[in-house]
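# An overview of the molecular structure
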Amino acid sequence: MIGLISATAAGAAARDRLAAAWPDRTRVYDGPVGDAVRRAFAECEQLVCFLATGAVVRLVAPLLGDKASDPGVVCVDEGGRFAVSLVGGHAGGANELAREIGELLGAEPVVTTATDAVGVPGLDTLGLPVEGAVAAVSRALLDGEAVALHNASGWPLPPLPVASEGTYGIRVTDRLVELSEQEVVLRPPTLVVGVGASKGAPAEEVWGLIEGSLREAGLSSKSVAALATVDAKAEEPGIVAAAGRLGVPLVTQSAEELAAVEVPNPSDAPLAAVGTPSVAEAAALVRGGELLVPKRKSAATPAMATCAVVRRPARGRLAVVGLGPGARDLLTPRAKAELQRASVLVGLDQYVDQIRDLLRPGTRVLESGLGAEEERARTAVEEARRGQAVALIGSGDAGVYAMASPALAEASDDIDVIGVPGVTAALAAAAILGAPLGHDHVSISLSDLHTPWEVIERRVRAAAEADIVVTFYNPRSRGRDWQLPKALAILAEHREPATPVGVVRNASRPDESARLTTLAALDPGTVDMMTVVTVGNTATRDIAGRMVTPRGYRWQEGAK
């Protein structure tokens, strides 16, 4: 929850805008400002104070304890010009909150955290638990000193200015290690703990077994990614409590799946109880990996719990990112985060140029020109298989006539693939035209470079006969000038000449242009590859110069 505090009418106006935009995320604190800040500081994960910075400093200073647990504090001036990340920039999320507030209120986010200022990822922002001399090693990175990276796990990381040797060090490992005063350790989520338990096994017995097994094996509990067990034990209180204590998901598999897993220590007892000769080992090994701790029983008599620990190998990470139609404010926050997380960026050269300024220093950029889609897809997958964090970019939504399809055709289950949606050209054009996609609609590419024209024509005829609004992608190029007239002629067999048609070129970009015409009046010669053409159905209307397709035919009849 985000606590909102203000002292004046101007501050309250900006506060109320934030509260209205984020009703489920915010809580307004009224009353004397000092009391409001103290209550919000104790009850909320973050605070936004619409006050002078000096006043906020004096109010929160006596409340500060530890940066790992203090709430993030953002100060917004009463004129709404600046959103200052004051306390808890990383751990408290104040830096990102300041940026969000800036976008919402039109304020300039002010972030003074050193790593953010120079584009170096903060060690506490990598999504991994971090221990050790975070401040000292971060300062060394900022000062350009030699910082050695020892990534024994091979876990994919964003670009860091590191070396093979140095006075300072970063270790990425799931093992318990002795750290010097100039080292940090990042804990990758590589461990899976398989757990079996008799009905009613005490939570402390289950937890004690897990904790002791990890400690004796020299493994960190912070690297546990999941607890795993058989379906029949999905609601066993002791196992559920252990997962909650670790803060990890409880993953279950059927007895049949576990019975098919080869294990070193099968037993008749679980076979009789739940239908598989192994629960702990099989549940940990079902997705593969290295068995680090074979099945162990708890020390109680009789023993009511078993566990086993498996290390799964690090997997490369491929994020397929949609950049939207071109405007920076239509690039989603999730897309920005993935671009900054990537150590390798793969994309069409003109798309790389759009977002080059968002990349962190040291990001390796692999760009190519038009017509190399399959090559880019293969390159991105190969880099991910080498253990890299890869971002493969495409315009609009990467899954719509873009890079997701060829990339996933190349990828197998040996890498993690994350899809990041983007605003498609059809949606961007529709927003400019009005509401042409208010009812059923379809997108059809008129490019026959990869799809035979016979197939395209069959799809156009089906859409025409079904009275569906059609958005044409890739409508016309210098070498393909007859497909659009042919498609329009097919639609004209089923729609009136006055059917509205929207034509949008370079949607959301500085040279954007849009016009509303009709099926009979559209000149295909004015259309090119940067244009999206949307043809309405029999219900679509031109209303006050806007293209509108009714949500339903009843609404259309009532509007006549």
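Basis of the calculations
Residues numbered from 1 in each chain as written. Predicted model: local features only at pLDDT ≥ 70, side-chain atom pairs only at ≥ 80, totals over all residues. Heavy atoms only, no water. Helix = DSSP H or I, 4+ residues; strand = E, 2+ residues; numbered from the N terminus. Contact = heavy atoms within 4.5 Å. Areas by Shrake-Rupley, 256 points an atom, 1.4 Å probe, with all protein chains shown as cover. Lys, Arg positive; Asp, Glu negative; His and termini not counted. Charge placed at Lys NZ, Arg CZ, Asp CG, Glu CD. Salt bridge = Lys/Arg side-chain N within 4 Å of Asp/Glu carboxyl O. Buried < 20%, exposed > 50% of the residue type's maximum accessible area, 1.4 Å probe, protein only.

Moving on to the overall build of the protein. Secondary structure assignment for the protein yields 19 helices and 28 strands. Structurally, the protein occupies a C-alpha span of about 85 × 65 × 55 Å along its principal axes. When contacts within the protein are restricted to residue pairs at least 6 apart in sequence, long-range pairs at least 24 apart make up 64% of them. Element-wise, carbon and sulfur atoms account for 51% of the exposed surface of the protein, whose accessible area totals about 26000 Å². In the protein, 54 side chains carry a positive charge and 68 a negative one; their mean positions are 2 Å apart.

Turning to the pattern of salt bridges, a few remarks are in order. By the definition in use, this model includes 28 salt bridges. In this structure, the salt-bridge partner of arginine 27 is glutamate 43, at a minimum N-O distance of 3.5 Å. Taken together, the residues span a long stretch of sequence, with arginine 27 in strand β2 (residues 26–28) and glutamate 43 in helix α2 (residues 33–43) at a distance of 16 residues. The closest approach of N and O atoms between arginine 328 and aspartate 357, which form a salt bridge, is 2.9 Å. Taken together, the residues span a long stretch of sequence, with arginine 328 in the loop between β16 (317–322) and α12 (333–341) and aspartate 357 in the loop between α13 (349–355) and β18 (364–368) at a distance of 29 residues. Classification of arginine 328 by relative accessible area gives partly exposed; the value is 33%. On the accessibility criterion, aspartate 357 (55% relative accessible area) is exposed. Each of Arg15, Asp16 and Asp30 takes part in a single network of salt bridges with overlapping partners.

Interpretation note: all reported values are geometric properties and have no functional meaning in isolation.
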